[in-house]
Amino acid sequence: MQTWSLVSVCVLLGVVVRWGVSLNSYSGAGKPPMYGDYEAQRHWQEVTYNLPVQEWYFNTTENDLNYWGLDYPPLTAYHSLICAYIAKIINPEWVELHKSRGYESPAHKLFMRATVLVADLLIYIPAVVLYCLYLTDGSSKKKVSTLFCFLLYPGLILIDYGHFQYNGVSLGFALWGVLALGLGWDAFGSMAFCLALNYKQMELYHALPFFCYLLGKCIKLGPMGRGFFLLVRIAATVLVTFALCWLPFLSDPSQALQVVRRIFPVARGLFEDKVANTWCSLNILIKIRSILSSDSQIYLRLLMKPTFWQFKLALANSSLAFFLFSYQVHEKSILLAALPVCLLLSDLPLTVIWFLQASTFSMLPLFLKDGLLVPYVVTSLAFLFFSIYLLSALEHCSEEELRLGAYHKLLFFLPKLDLACIVRWKFYISVAAMAGLSIVSVALVPPPHLPDLFPVLVSTTGFLHFLGTFIYFNIVQFSGPPSRKNQKKND
Amino acid sequence: MAAPVVDGWFPALALGVSLLKCLFINAYHSTDFEVHRNWLAITHSLPVSRWYHENTSEWTLDYPPLFAWFEFGLSHVAQHFDRNMLVVENLNYDSPMTVLFQRLSVIFTDVVFIFAVRECCRCVQKQKGSRDVLNRPSFVLAVLLLWNFGLLIVDHIHFQYNGFLFGFLLLSVAKHLQSQHLQGALLFAVLLNLKHIYLYVAPAYGIYLLRSYCFTQDNKDGSISWRSFSPLRLIALGSIVTSVCALSFGPFIAMGQLPQVLSRLFPFKRGLCHAYWAPNIWALYNMLDKSLAILGVRLKLLEEAGLPRASMTGGLVQEFQHSVLPSVSPSITLICTLLSILPAVASIWRRPRGARGFLRCLLLCALASFMFGWHVHEKAILIAILPLSILAVESREDAGIFLVLSTTGHYSLFPLIFTPAELPIKVGLMLMFVIYSFTALRKLHSGQGTLLHPLESVYLLGLVVVAIACEIIFPLSPWQQKLPFLPLLLTSVYCSVGVCYSFLRLYVSLLRQEEKPKQL
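Residues numbered from 1 in each chain as written. Chains lettered and ligands numbered in written order. Predicted model: local features only at pLDDT ≥ 70, side-chain atom pairs only at ≥ 80, totals over all residues. Heavy atoms only, no water.

A.B. asks: Got a sec to walk through the overall build of chain B? Specific residues and values, please.
C.D. replies: In terms of regular secondary structure, chain B is built from 20 helices and zero strands. The C-alpha atoms of chain B give 23 Å as radius of gyration, which agrees with the globular expectation for 520 residues (24 Å, within 12%). A principal-axis box enclosing the C-alpha atoms of chain B has dimensions of 65 × 60 × 45 Å. Put simply, chain B has 520 residues, and 56% of those count as buried. For chain B, long-range pairs separated by at least 24 residues make up 77% of all intrachain contacts whose partners lie at least 6 apart in sequence. Carbon together with sulfur atoms contributes 66% to the accessible area of chain B, which is approximately 22,200 Å² in total. Here chain B carries 39 positive and 29 negative side-chain charges, and the mean point of each set is 9 Å from the other. (Helix = DSSP H or I, 4+ residues; strand = E, 2+ residues; numbered from the N terminus. Rg over C-alpha atoms; globule rule 2.2 N^0.38 Å. Buried < 20%, exposed > 50% of the residue type's maximum accessible area, 1.4 Å probe, protein only. Contact = heavy atoms within 4.5 Å. Areas by Shrake-Rupley, 256 points an atom, 1.4 Å probe, with all protein chains shown as cover. Lys, Arg positive; Asp, Glu negative; His and termini not counted. Charge placed at Lys NZ, Arg CZ, Asp CG, Glu CD.)

A.B. asks: I'd like a rundown of the pattern of salt bridges, residues and numbers included.
C.D. replies: All names here are of chain B. Tallied over the entire structure, the rule returns 17 salt bridges over all chains. Between Arg-37 and Glu-34 there is a salt bridge, and its shortest N-O distance comes to 3.0 Å. With a gap of three residues between them, Arg-37 and Glu-34 both fall in helix H2 (residues 31-45), about one helical turn apart. Across the pair, Glu-34 and Arg-37 agree in class, each one buried. With a closest N to O distance of 3.4 Å, Glu-119 and Arg-122 form a salt bridge. Here Glu-119 pairs with Arg-122, and both are found in helix H4 (residues 96-123), just three residues apart, close to one helical turn. For Glu-119, a relative accessible area of 7% puts it in the buried group. (Salt bridge = Lys/Arg side-chain N within 4 Å of Asp/Glu carboxyl O.)

A.B. asks: Would you mind going over helix H11 (residues 258-265) of chain B in detail, with residue names and values included?
C.D. replies: Within the span of H11(B), buried status applies to Val261(B), Arg264(B) and Leu265(B). All buried residues of H11(B) project into a common sector of 100° when viewed along the axis, lining one side. (Arc of directions from axis to C-beta.)

A.B. asks: Describe the UniProt feature "signal peptide" (unreviewed entry) in chain A, listing the residues and the values that go with them.
C.D. replies: In this numbering, the UniProt entry assigns the feature "signal peptide" (unreviewed entry) to residues 1-22 of chain A. Structurally, residues 1-22 of chain A comprises 91% helix and 0% strand, and the distance from its first C-alpha atom to its last is 31 Å. (UniProt positions renumbered as here; feature names shortened; annotations may be inferred.)

A.B. asks: Break down the packing of H4(B) against helix H7 (residues 162-177) of chain B for me, with residues and values.
C.D. replies: For any two helices packed against each other, the geometry is given by the interaxial angle and the distance between the axes. Residues and elements named next belong to chain B. Look at H4 against H7: their axes get within 7 Å of each other, and the N-to-C directions meet at 25°. Looking at the two axes, H4 sits roughly parallel to H7. Between H4 and H7 lies a crossing of left-handed hand. Counting all contacts with H4, which are made through Thr-109, Asp-110, Val-112, Phe-113, Phe-115, Ala-116, Glu-119, Cys-120 and Cys-123, the residues of H7 involved are Gly-163, Phe-164, Phe-166, Gly-167, Phe-168, Leu-170, Leu-171, Ala-174, Lys-175 and Leu-177. For the contact of H4 with H7, the per-class residue count stands at 13 nonpolar, three polar and three charged. (Axes fitted to C-alpha atoms, helices over the stretch in contact; angles between N-to-C directions. Parallel < 35°, antiparallel > 145°, perpendicular 65-115°, else oblique. Left-handed = near helix turned anticlockwise from the far one by under 90°. Nonpolar A, V, L, I, M, F, W, Y, C, P; charged D, E, K, R; others polar.)

A.B. asks: Please provide a residue-by-residue account of the interface of chain B and chain A, values included.
C.D. replies: The interface is formed by 30 residues belonging to chain B together with 26 residues belonging to chain A. Looking at the side of chain B facing chain A, the largest losses of area belong to Leu19(B), Leu23(B) and Met432(B), adding up to 24% of the total buried there. We note a salt bridge from Asp132(B) to Lys141(A), for which the minimum N-O separation is 3.2 Å. If you look at where chain B meets chain A, you find five residue pairs in polar contact (both at pLDDT 80 or more). Broken down by secondary-structure element, the contributors of at least two residues to the side of chain B that touches chain A are helix H1 (9-22) and helix H17 (423-444) of chain B. Across the side of chain B that touches chain A, the residue classes break down as 22 nonpolar, five polar and three charged. (Buried area = accessible area lost by both parts, 1.4 Å probe. Polar contact = N/O pair within 3.5 Å; in protein donor to acceptor, adjacent residues only side chain to side chain.)

A.B. asks: Please set out the packing of aromatic side chains residue by residue, giving values where relevant.
C.D. replies: A ring pair, where both rings are aromatic, is described by two values, the distance of the centres and the angle of the planes. Residue and element names in this part refer to chain A. A complete count under the given rule lists 61 aromatic pairs over all chains for this structure. On the basis of an interplanar angle of 75° and a centroid distance of 6.3 Å, the ring pair of Trp-185 and Phe-188 is categorised as edge-to-face. Classification of Phe-188 as partly exposed rests on a relative accessible area of 35%. When the ring of Tyr-205 is compared with that of Phe-322, the centres are 5.0 Å apart and the planes differ by 15°; the resulting orientation is stacked. Placement of the pair is Tyr-205 in helix H9 (residues 204-220) and Phe-322 in helix H15 (residues 308-324), with a sequence separation of 117 residues. Here Arg-101 stacks its cationic end above the ring of Tyr-67, 4.0 Å away from the centre of that ring. (Phe/Tyr/Trp six-rings, centres within 6.5 Å; stacked < 30°, edge-to-face > 60°. Lys NZ or Arg CZ within 6 Å of the ring centre and 35° of its normal.)

A.B. asks: Tell me what's going on with the confidence of the model for chain A, and back it up with residues and numbers.
C.D. replies: Residue and element names in this part refer to chain A. Mean pLDDT over chain A works out to 86, with 87% of the residues at or above the 70 mark. Throughout residues 268-276 the model reports pLDDT below 50, and contacts reaching past four residues in sequence, or to other chains, amount to 14 contacts. A low-confidence stretch, residues 484-491 stays under pLDDT 50, and its non-local contacts, those more than four residues away or across chains, total 13 contacts. (pLDDT = per-residue confidence, 0-100.)

A.B. asks: Run through the packing of H4(B) against helix H6 (residues 149-159) of chain B, naming residues and quoting values.
C.D. replies: All names here are of chain B. Packing of H4 against H6 brings their axes to within 9 Å, and their N-to-C directions diverge by 150°. On the basis of the axis angle, H4 is roughly antiparallel to H6. Of the residues in H6, those in contact with Gln-102, Arg-103, Val-106, Ile-107, Asp-110 and Phe-113 of H4 are Leu-151, Asp-155, His-156, Ile-157 and Phe-159. When grouped by side-chain class, the residues that make up the contact of H4 with H6 number six nonpolar, two polar and three charged.

A.B. asks: Talk me through the environment of Val464(B); I want residue IDs and the actual numbers.
C.D. replies: Residues and elements named next belong to chain B. Of note, Val-464 is situated in helix H18 (residues 454-473). Overall, Val-464 belongs to the partly exposed group, its relative accessible area being 47%. Here the alpha-carbon distance between Val-464 and Trp-147, two residues 317 residues apart in the chain, equals 21 Å.

A.B. asks: Explain helix H13 (residues 330-350) of chain B to me, using residue names and the numbers behind them.
C.D. replies: The end-to-end C-alpha distance of H13(B), which contains 21 residues, comes to 30 Å, matching closely the 30 Å that a straight helix rising 1.5 Å per residue would cover. The sharpest bend along H13(B) reaches about 35° and sits at Leu342(B), with the proline Pro343(B) one to four residues further on. (Expected span 1.5 Å × (residues − 1). Bend = angle between axes of the 7 residues up to and from the residue.)

So, in structure tokens, the structure goes:
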């Protein structure tokens, strides 16, 4: 069958699955006074439509920052503004200042879900399709299989279409950045990544690898001459993109400062979710300082060998490092690590599938709170089954295919045992443990003196999986480039 | 004919579609949901003698007794989900657990359908030299059947048990293709006692079994050899059918309730057409009548006051009349149906072409009853589309007819799911099925010319225009208040052209085959 028809069918199936999940409940449904992320997004539409730009990030009588105040960079605000214009045409009650607080109706839910789908169709899904078709290798059937599994990743679907967020936009822009860098369009890639950064500040998780890769590439091309011109072009692109995004706020320095204060809050927030966000944003800055000392090997290696393969691994390692070694990180931030790991789906299928499933599992308490149990079970089962079946993950477990290189000899004390067999059994046990914990979280009531037993067990299990994946990817990054065709293509 | 073993891809397809169905648990469901809940309640809470007399709810039991026993069995599982759904007085009860149970029951009983599809895939001829799994007839057939758009929409959103019932039909067909006629007959007898709409295709079974099973041999020129009649086989068939019917209707005959049961099963008081006209010949007839009436009034040939004001789209109890053309009564539709299936049935009597000839005749009986029947529901088009899939993967001409019939038939199901929330699902699944069926069948029959005539392609593209007009333009236009039935009318009439055309083409292919008898 022709590739285009297979690709269309996969994309359509991905869309149908997403919409099927969106028929379920969202975060904070029917839970006054604060509701949840859904209400936050609706509130931002209300604020951006009714108030002038200068007041969006300030605490005024019209704009109470304690009730879901804007704490994402300007691009999110502009996106909310566009949605608000459309909402106003359909039903003005949805964005009426103050009166629309806590507004919930089936029509409104349909509208909000539609905005997520439209954003995905315009930004995230085309990036995934282009990435899988042009930057992965193998037969066209393998590429389509990779595309299908990439689109089926449950974590992103459940958060964006269930819990309700717009991660597809920021991750989509970041993916466009990666795509462009892979195809050699460095300026375009930098612009795309700046857009991602200006949509959600959490994209800073990915910033260092982008920076090191591009810098390394410039150095490699010759610090005087082509490399220098490239550097200038990239710097100009970045500055222009930032300027355009922050244009309304640049007229007055206090404006820009307030926006920065909102997205990197120094003062603590009052509510649980806000605390997570606070730490999430703050720790990025703290982390950058510490990272430049401890985990710097990742970036040094990328600087010295700016190949696409190293870039992908550095993205994965960097975001995992940020996620793991910070405390009080919101569980949704694992999506920032999941995206780079998805990029490795065709190269290291088993580990990637394992990690992606663990990342979905780690968000189980959140899904249970939002009433998304059935979609969680269905999408996880579908993802596990189809990715293992289509990518033949359990068959490609030999030492060479796991890319452990020389390191496997260090890990192996019992040479008689087959590595592939051990890896497979570890996988089965791990999946069984995750399934078991899922069932137990739903079916059993925790003992009264340990009310948070199950969420803690879930996050501990998740943490162990992430740590294992982190160590594995570090080994792969340092064990040398992949053999055969990959090297020629990615350099 | 032995076929390759279905390996890993079949479970993958089956599991995939089952998981997809689970995502539609919270989607819109129609009144059919309440119908089945009511039947669960009736069969669980009331004694057998009251089943066909009960009418607390307007949705009385109107399927044959075996289906009532099926609901009785389901109700024993239902009580563990939510006991309240089994109370007859709880009309329109739809707690989350009720919805979950009912949806899961449809998904689980689809296992019969999955099993039947596997058997059908085994019967399909293997194409020589195709190593690519995606290009094998059995794979294409499995996708066309398991992921059939019509079944997904009608069963798992609108809510019905068609997968379960079609499982029996396809399994019976598969058994006949494998020359296990007694099993096929048994399965069909069970199916008839589950849902009597399959009486439409009973003539095909009857004539085929009589001709090809009871007469064990043919003369050399293919004509009937009267001496090879085997009374033993006839008795075997007869006893199978009668014992199944006895099992099903027996208790009711013993209680003297047979007339009541039959009156429930065959309510003829309903109108010629459903509220939404099924895309059959009567839709075109109605359209012609309306146009002539309007034309007549404009040309001052008719008095507007003299035209009967009845609507043809009344729900349950409506007498109606056509204004210009003669009115149609149930007996006329019956005569038309019988006349239209006569040539098909006669052809397998005179020149039987084995099980595939039987399949073609079955198809024609189903489509003819759809075309000319009384109060036909548009869902009945599936009885024609599913068996045609089997023929489509084997013959190029049938593939062309299948593309026209399935696209048109599936599109005519769109008005069933009218809620805006389900629109992306409906459109997405339809596009998936259309893209897949066109590309897969084209690849399967490549090298023998195009599958579709240019005019057919134009007609199918016209469906896109109709879809955009009905789903997007019309709701936003000023005619929405004045003429709310316009999109239904347009869809129905446009699709009936396609369905009628497919019917004629199938007939022509059957009669053309008769001129040159082949050994199959």
